[in-house]
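Geometric and topological summary
Spelled out from the first residue to the last, the chains are:
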Amino acid sequence: QVQLVESGGGLVQTGGSLRLSCAASESILSFNDIAWYRQAPGKEREWVAIIRSGASRNYADSVKGRFTISREYAKNTVYLQMNDLKPEDTAMYYCKGDLGARAYWGQGTQVTVSS
């Protein structure tokens, strides 16, 4: 059973930084791509960033220039470095991995940005 486990969330002040981790139960080389999503209370889940097997990266306009997605093969982990955080970044953050024809989701990690 493929598992993705997020960590690194917490409470931070406006302008602060956090680094989220998404640890996979198997080699991240197996995945077509791994992405970060977020969902704020009362809102739909939205895509944040993606890193593909070929190493290309894309970001939502709302986080471009502030967030960076990266990966560490040795730890089977994908990271989301979040800088200059804003209250509107407050949400539950999830990672999703596409492996073959299936998508796997983690349980999420909460990020709260205080004003």
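Coordinates for the structure precede this section.
The structure presented is a predicted model; accordingly, all values stated were derived computationally and were not measured.

Right, let's talk about the pairing of strand E7 (residues 67-72) for a bit. Across six bridges, the pairing between E7 and strand E8 (residues 77-82) is antiparallel. Of the residues in E8, the one forming a bridge with Glu 72 is Thr 77. The turn joining E7 and E8, which pair antiparallel and follow one another in sequence, is formed by four residues; a positive phi near 50 degrees is taken by Asn 76.

With the rule as written, the count across this model stands at five salt bridges. A salt bridge links Asp 61 to Lys 64, with the shortest nitrogen-to-oxygen separation between them at 3.1 Å. For Asp 98, the salt bridge goes to Lys 96, with nearest N and O atoms at 2.9 Å. Its relative accessible area of 18% is what places Asp 98 among the buried residues.

Per the stated rule, a full pass over the model turns up two aromatic pairs. Geometrically, the ring pair formed by Tyr 94 and Trp 105 is edge-to-face, given 6.4 Å between the ring centres and 80 degrees between the ring planes. Of the two residues, Tyr 94 is situated in strand E9 (residues 91-99) and Trp 105 in strand E10 (residues 102-105); the sequence distance between them amounts to eleven residues. Taken together through their ring pairs, the aromatic side chains of Tyr 37, Tyr 94 and Trp 105 make up a single cluster.

The subject of this paragraph is the environment of Gln 81. Following the sequence through the fold, Gln 81 ends up in strand E8. Owing to a relative accessible area of 27%, Gln 81 belongs among the partly exposed residues under this scheme. For Gln 81 and Thr 68, which are 13 residues apart along the polypeptide, the C-alpha to C-alpha distance reads 5.0 Å. Apart from the residues within four sequence positions on either side, Gln 81 is in contact with Ser 17, Leu 18, Arg 19, Arg 66, Phe 67 and Thr 68. Engagement of the side chain of Gln 81 in a polar contact is seen with the side chain of Asn 83, the distance being 2.9 Å.

The rules behind each value
Residues numbered from 1 in each chain as written. Predicted model: local features only at pLDDT ≥ 70, side-chain atom pairs only at ≥ 80, totals over all residues. Heavy atoms only, no water. Pairing = 2+ DSSP bridges. Helix = DSSP H or I, 4+ residues; strand = E, 2+ residues; numbered from the N terminus. Salt bridge = Lys/Arg side-chain N within 4 Å of Asp/Glu carboxyl O. Buried < 20%, exposed > 50% of the residue type's maximum accessible area, 1.4 Å probe, protein only. Phe/Tyr/Trp six-rings, centres within 6.5 Å; stacked < 30°, edge-to-face > 60°. Contact = heavy atoms within 4.5 Å. Polar contact = N/O pair within 3.5 Å; in protein donor to acceptor, adjacent residues only side chain to side chain.

Any functional reading would require information that these geometric values do not contain.
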